[in-house]
Amino acid sequence: AANTWTLNGGITGSLGVTGSNTYVTTFSDLQSLSGGTGTDIFILPASGSYTGAVNGNGGGDEVRGGNRINTWTITGAGNTGTVTGLSGSFSNVEVLTGHAAQDIFQLHDAADFSGSINGSGGTNNQIIAGDRASAWTINGGGTGQVAGSTFSGIQTCTGALKNNDTFTFTVDPSSLTTTTINGR
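Residues numbered from 1 in each chain as written. Predicted model: local features only at pLDDT ≥ 70, side-chain atom pairs only at ≥ 80, totals over all residues. Heavy atoms only, no water.

Can you tell me about the overall build of the protein chain, naming the residues and giving the values?
Check the secondary structure of the protein chain and you find zero helices and 20 strands. For the protein chain, the C-alpha radius of gyration of 17 Å lies close to 16 Å, the compact-globule estimate for 184 residues. Considered along the principal axes of its C-alpha atoms, the protein chain spans approximately 50 × 30 × 30 Å. Restricting to contacts in the protein chain with at least 6 residues of sequence separation, those with at least 24 account for 47%. (Helix = DSSP H or I, 4+ residues; strand = E, 2+ residues; numbered from the N terminus. Rg over C-alpha atoms; globule rule 2.2 N^0.38 Å. Contact = heavy atoms within 4.5 Å.)

Written out as structure tokens, the structure reads:
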């Protein structure tokens, strides 16, 4: 069964479960949400913030940004981090999905995100590497890999500020009309 958590401002929201028994229920006053062993999708609000934290807990879990400019900060092991619209943190989540507005994904110095990052159709979506040497693979069309994660829907790839990043292209770099590489 898949669980879809729709988070509102404050500490309220709803949980929809699909499977053999499909239902939706509302909740309030929950400051920490933990998914089950299956797929959990946490949808953040377009304005305000959910005042709490989410833990995917296993399965193919996803956090979806609200319909606004989102800043995602990936902070460390266990696929942890923070994002606009969530006052606490997320953990044990394998998929980060932006929205129609700009999404900026910032990897901290020691952070690897072992999952996928999807800018999801926004404009000027960016991934910024942490302050360490990172190996990038650019596959074209805003897709590639860096620091243990795959990405798509990204228009700008920005390397580390003080270290030497390497960028490997699986396509002719002159064909990259939608991807900007900033080695800093």
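Still more to cover.
Please set out the packing of aromatic side chains residue by residue, giving values where relevant.
For the structure on display, the rule yields six aromatic pairs. Consider the rings of W72 and F105, whose centres lie 5.3 Å apart with planes at 20°: the pair is stacked. Of the two residues, W72 sits in strand β8 (residues 70-76) while F105 sits in strand β12 (residues 103-107), which places them 33 residues apart along the sequence. You can call F105 buried: its relative accessible area is 0%. Between W136 and F167, the ring centres sit 5.3 Å apart and the planes meet at 20°, which makes this aromatic pair stacked. Residue W136 is located in strand β15 (residues 135-140), and its partner F167 is located in strand β19 (residues 166-169); the two are separated by 31 residues in the primary sequence. Since its relative accessible area comes to 1%, W136 is described here as buried. (Phe/Tyr/Trp six-rings, centres within 6.5 Å; stacked < 30°, edge-to-face > 60°. Buried < 20%, exposed > 50% of the residue type's maximum accessible area, 1.4 Å probe, protein only.)

Outline the sheet that holds strand β9 (residues 80-83), supporting the account with residue identities and numerical values.
On the basis of which strands lie adjacent, the open sheet formed by nine strands has the order β4-β6-β10-β9-β8-β12-β14-β18-β20 and mixed pairing. Across the chains shown, the open sheet's two edge strands, defined by having one partner strand only, are β4 (32-34) and β20 (180-182). Averaged over all pairs of adjacent strands, the angle between strand axes in this sheet comes to 15°, irrespective of strand direction. Taken together, the three bridges between β4 and strand β6 (residues 53-55) define a ladder with parallel strand orientation. In the strand pairing of β6, S34 is matched with N55. (Pairing = 2+ DSSP bridges. Axes fitted to C-alpha atoms, helices over the stretch in contact; angles between N-to-C directions.)

Outline the nonpolar core, listing residues and values.
V63, F90, L96, I127 and F151 are the most contacted members of the largest nonpolar core, which totals 33 residues. Secondary-structure elements contributing two or more residues to this core are β1 (2-7), β2 (12-18), β8, β10 (86-91), β12 and β15. If near-sequence neighbours (up to four positions away) are discounted, F151 is found in contact with I117, I127, W136, T137, I138, G142, T143, G144, Q145, V146 and C157. (Core = buried A, V, L, I, M, F, W, Y, C linked by side-chain atoms within 4.5 Å.)

Tell me about the sheet that holds strand β13 (residues 116-118), and please be specific about residues and values.
Strand order in the open sheet formed by eleven strands is β3-β2-β1-β5-β7-β11-β13-β17-β16-β15-β19, and the pairing between neighbours is mixed. Edge positions in the sheet fall to β3 (23-28) and β19, since each of these pairs with one other strand and no more. Averaged over all pairs of adjacent strands, the angle between strand axes in this sheet comes to 15°, irrespective of strand direction. With six bridges connecting them, β2 and β3 associate as antiparallel partners. Paired with G13 across the strands is F27, a residue of β3.

Go over the environment of L44 with me, naming the residues and quoting the values.
As for its placement among the helices and strands, L44 is situated in the loop between β5 (40-43) and β6. C-alpha separation for the pair L44 and G13, spaced 31 residues apart in sequence, amounts to 9.7 Å. Ignoring sequence-local partners within four residues, the contact set of L44 consists of L7, V63, R64, G65, G66, V83, T84, G85 and L86.

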